[in-house]
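Listed here are the chains, written in short residue letters.
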Amino acid sequence: MDKLLIALDVDTGRKALDLADSLRDLAGGFKIGSRLFTNEGPALVRALVKRGDRVFLDLKYHDIPSVVGSALRAASGLGVWMATIHTTGGLAMMRAAKEAAGDKGTLVVGVTVLTSFSQTTLTTIGVPRQIEDQVDAMAELAAEAGIDGVVASPLELPRLRKQQNPDFLIVTPGIRKHSQNDDQTRTLSAQKAIQAGASYLVVGRPIIEANDPRKAAEVLCEEMANA
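This structure is a prediction, so every number in the text was calculated from the model and none was measured. (Residues numbered from 1 in each chain as written. Predicted model: local features only at pLDDT ≥ 70, side-chain atom pairs only at ≥ 80, totals over all residues. Heavy atoms only, no water.)

**Student:** Can you walk me through the pattern of salt bridges in this structure?
**Tutor:** Side chains that carry opposite charge are capable of pairing whenever their charged atoms lie near each other. Here the structure, examined in full by the defined rule, presents 14 salt bridges. With a shortest N-O distance of 3.5 Å, Lys31 and Asp9 are connected by a salt bridge. Note that Lys31 is positioned in strand E2 (residues 29-33) and Asp9 in the loop between strand E1 (4-7) and helix H1 (13-23), a separation of 22 residues in sequence. A residue is classified by how much of its surface remains accessible, and Lys31, at 11% relative accessible area, is buried. Since its relative accessible area comes to 26%, Asp9 is described here as partly exposed. A salt bridge links Arg159 to Asp133; the shortest N-O distance between them is 3.1 Å. One end of the pair, Arg159, is in helix H8 (residues 157-163); the other, Asp133, is in helix H7 (residues 131-145), and 26 residues separate them in sequence. Here Arg159 falls in the partly exposed class, since its relative accessible area comes to 32%. For Asp133, a relative accessible area of 36% gives the class partly exposed. One salt-bridge network, in which partners are shared between bridges, spans Asp9, Lys31, Asp58 and Lys60. (Salt bridge = Lys/Arg side-chain N within 4 Å of Asp/Glu carboxyl O. Helix = DSSP H or I, 4+ residues; strand = E, 2+ residues; numbered from the N terminus. Buried < 20%, exposed > 50% of the residue type's maximum accessible area, 1.4 Å probe, protein only.)

**Student:** Just checking my understanding: could you explain the sheet that holds strand E5 (residues 107-111) for this structure?
**Tutor:** Hydrogen bonding along the main chain pairs the strands of a sheet, whether they run parallel or antiparallel. If you trace the eight strands once around the closed barrel, you get E1-E2-E3-E4-E5-E6-E7-E8, paired in parallel fashion. The mean inter-strand angle of the sheet, taken between neighbouring strand axes irrespective of direction, is 25 degrees. Note: E1 against E2, three bridges, orientation parallel. From the neighbouring strand, Ala7 faces E2, where its bridge partner is Lys31. Across the sheet, helix H3 (residues 42-50) lies against E2 and strand E3 (55-61), angled at about 150 degrees from E3, the strand it touches most. (Pairing = 2+ DSSP bridges. Axes fitted to C-alpha atoms, helices over the stretch in contact; angles between N-to-C directions. Contact = heavy atoms within 4.5 Å.)

**Student:** How do you make sense of the environment of Glu40 when you look at a structure like this?
**Tutor:** Following the sequence through the fold, Glu40 ends up in helix H2 (residues 34-40). According to the relative accessible area criterion, Glu40 is partly exposed, its value standing at 32%. Remark: the alpha-carbon pair of Glu40 and Gln163, spanning 123 residues in sequence, is separated by 39 Å. Setting aside residues no more than four positions away along its own chain, Glu40 makes contact with Asp11, Thr12 and Gly13.

**Student:** Is there a simple way to explain the environment of Glu209 in this structure?
**Tutor:** Tracing the backbone shows Glu209 in the loop between helix H10 (205-208) and helix H11 (213-226). Through-space distance from the C-alpha of Glu209 to that of Ala139 is 31 Å; in sequence the pair is 70 residues apart.

**Student:** Just to check I follow, could you spell out the pairing of E5 for this structure?
**Tutor:** A regular strand carries its side chains on alternate faces of the sheet. Among the five residues in E5, five count as buried, and that is most of the element. Every second residue of E5 is oriented toward a common face, with Leu107, Val109 and Val111 on one face and Val108 and Gly110 on the other, all of them buried. The pairing of strand E4 (residues 82-86) with E5 spans five bridges and is classified as parallel. Paired with Thr84 across the two strands is Val109, which belongs to E5. For the handedness criterion, the β-α-β arrangement of E4, helix H5 (residues 91-102) and E5 is classed as right-handed. Pairing between E5 and strand E6 (residues 149-151): three bridges, direction parallel. Residue pairing in the sheet places Val111 in a bridge with Val151 of E6. (Right-handed = clockwise from strand over helix to strand, strands pointing away.)

The values reported here are purely geometric and, on their own, carry no functional implication.
See the structure below:
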């Protein structure tokens, strides 16, 4: 399933590679986040790229434009297919990221509001907007900066699809079939997220923590296909 990006949120490269080998035919790519990258570094990215995998490097870069540009240049040099930055870094930072990544075709998507955030969380960091309005504003800024798309919760998909160009990527974490006791607060099922216009779904724990990860991925792919 091309739209399914499986998050390899584990501690070791060996475990990540084993998961990738067992799920490769079901996944459109594999996400490497800060936990795994901190433990294993660029070598794991290279190993997956060498196997022909699309690597989604989810390190959510947020720094001054020159630093983020250098990081994206390094990521594209590793063969990263898509990488995340924070839209709150502003126009100059997003433009620097896209310019640095563009030579080798690495896609750049900007995080709008983390799926763990509730309205209360947003208020406590001094953002007075409603979550939906903040996501809209950050997506507009991302489009103005010329990056490839955004990361947003599935609940914001209908609004974003109405507001943005059809080619604008919307990468969607927070995929849950039922309410689960974890730190994701704005969630939706895979089927509903695809129907609402998600470009890609990022799924980790519901697959990799399942008793049978392959079976869990197969069920998810069937649900996405039915959408």
